[in-house]
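The primary structure of each chain is shown beneath.
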Amino acid sequence: MPTRWRISTEFWPIKMRAAVVSGLAAMVWPNRQRRVNFTNPLNGRRWLSLLASDPRHGIRFHPNLSLDRRELGFSFRSNALGLRGPAAPDAPQVLLGTSFAMGLSVDNGENWYEQILESGQWFNAAMPVGPLNQIRLLEDVYTGSGDALLYLYHPNLWKTAQGYLAADREGRDIFSIMRWKADHASTLKLIPRWLAKEGAKATSGLSHYARIDGEPWFFNAAYCHLELDQNKALFDTVAGHLDQLFTRFKKVVVLRVPIKEELAADCGFSPRLTLLAQGYDRFWDAFRVRLAPHVEAHALPCSAFGFSDFLPYDTHWSARGNATFCRLAAPLLRGAGLTGIIERD
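Residues numbered from 1 in each chain as written. Predicted model: local features only at pLDDT ≥ 70, side-chain atom pairs only at ≥ 80, totals over all residues. Heavy atoms only, no water.

K.L.:
Whenever I open this one, helix 7 (residues 131-141) confuses me. Can you help?
P.N.:
It helps to recall that an α-helix has 3.6 residues per turn; residues three or four apart then point in one direction. Within helix 7, 9 of the 11 residues are buried, which leaves it mostly tucked inside the rest of the structure. Turning to helix 7, its buried residues number three or more, namely Pro131, Leu132, Asn133, Gln134, Ile135, Arg136, Leu137, Leu138 and Val141. On its buried face, helix 7 sits against strand 3 (58-61), strand 6 (93-97), strand 7 (122-124), strand 8 (148-153), helix 8 (157-170) and helix 11 (232-247). (Buried < 20%, exposed > 50% of the residue type's maximum accessible area, 1.4 Å probe, protein only. Helix = DSSP H or I, 4+ residues; strand = E, 2+ residues; numbered from the N terminus. Contact = heavy atoms within 4.5 Å.)

K.L.:
Honestly, helix 14 (residues 319-335) in this entry has me stumped. Any pointers?
P.N.:
Helix length check: helix 14 (17 residues) gives 25 Å between terminal C-alpha atoms against 24 Å at 1.5 Å per residue, within 8%. Approximately 30° is the largest bend angle found in helix 14, and it occurs at Ala329, with the proline Pro331 only one to four residues beyond. Where helix 14 is concerned, the buried positions are Gly321, Asn322, Thr324, Phe325, Cys326, Leu328, Ala329, Ala330 and Leu333. Buried residues belonging to helix 14 abut helix 6 (112-116), strand 8 and strand 11 (251-256). (Expected span 1.5 Å × (residues − 1). Bend = angle between axes of the 7 residues up to and from the residue.)

K.L.:
Looking at this structure, I do not really get the packing of helix 3 (residues 41-48) against helix 10 (residues 184-204). What am I missing?
P.N.:
The description of two helices packed together rests on the angle between their axes and the distance between the axes. Put simply, helix 3 and helix 10 touch, their axes get as near as 9 Å, and they point 145° apart. Every pair of crossing elements has a handedness; the one defined by helix 3 and helix 10 is right-handed. On helix 10, the residues touching Pro41, Leu42 and Arg45 of helix 3 are His184, Thr187, Leu190, Ile191 and Trp194. Residue classes in the contact of helix 3 with helix 10 are distributed as 5 nonpolar, 2 polar and 1 charged. (Axes fitted to C-alpha atoms, helices over the stretch in contact; angles between N-to-C directions. Left-handed = near helix turned anticlockwise from the far one by under 90°. Nonpolar A, V, L, I, M, F, W, Y, C, P; charged D, E, K, R; others polar.)

Here it is as structure tokens:
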């Protein structure tokens, strides 16, 4: 069992302060693995500089990017459409979701879709935007037959959609809504505020630090947190957009992917993380009960993943995690009748 640092007044003088200082230092220190941490304004600026707001699609990447590992901590490419993977808008099958589906935080070639989805058979239209933006993207660029959709369900779906709906409602772009800044001067001003906020979150239990296999890890107990009963209108709106999205395809397979905060909750790291995971389950259960008959939904078990399948200071999968997902997803996708799934050893 990994060492755990919990919020408790009896540990304040030594353990708690040591945990916060050690954790914050690890967030800032430019170790390559920890550098994949886009909450850090210095790293977030690099990420945001790759994106351009779009009035219909929310955001897309600048087209035809090709970056080595020095820029983000992993190699990265975008295609001519400002999306990921081959630019294949005429493919019979489509991949959608947020950043787990899009592919992020590992080198080119290590993203799961590059390993099991046949080029030419799939169009990766996934971006960290809302379902309404994805409907519009398909309306504008997709010319394929719509045989099947693979939708990766990540718990950030609802919070992400909330921001883009606000942008639509207010006639502003997402950079303005979220107050994202990519210039150097604004980034430098954000650093003290970010460090102060992280310190406060750590002392309140919203940021949880642990040492696992000798490495410091960060878990965010506030990550995309929403209470279903307080956000029923948002749920109904976004779920309605998902219904519209799914009707475009003859067959839809939804795979729910776990995140590391859910693993930490299962290990009993903190009550805040447990509450967060329970909130994710409530949204998933409400989503599942309204699915149309042509939609097949599966939740991949947290127990099938380990902490080494994730990155210590980022929410995304490591290279190992991408491989784990491939091993779990491939038989499910074939069993659902999807084609263009590469055989893996």
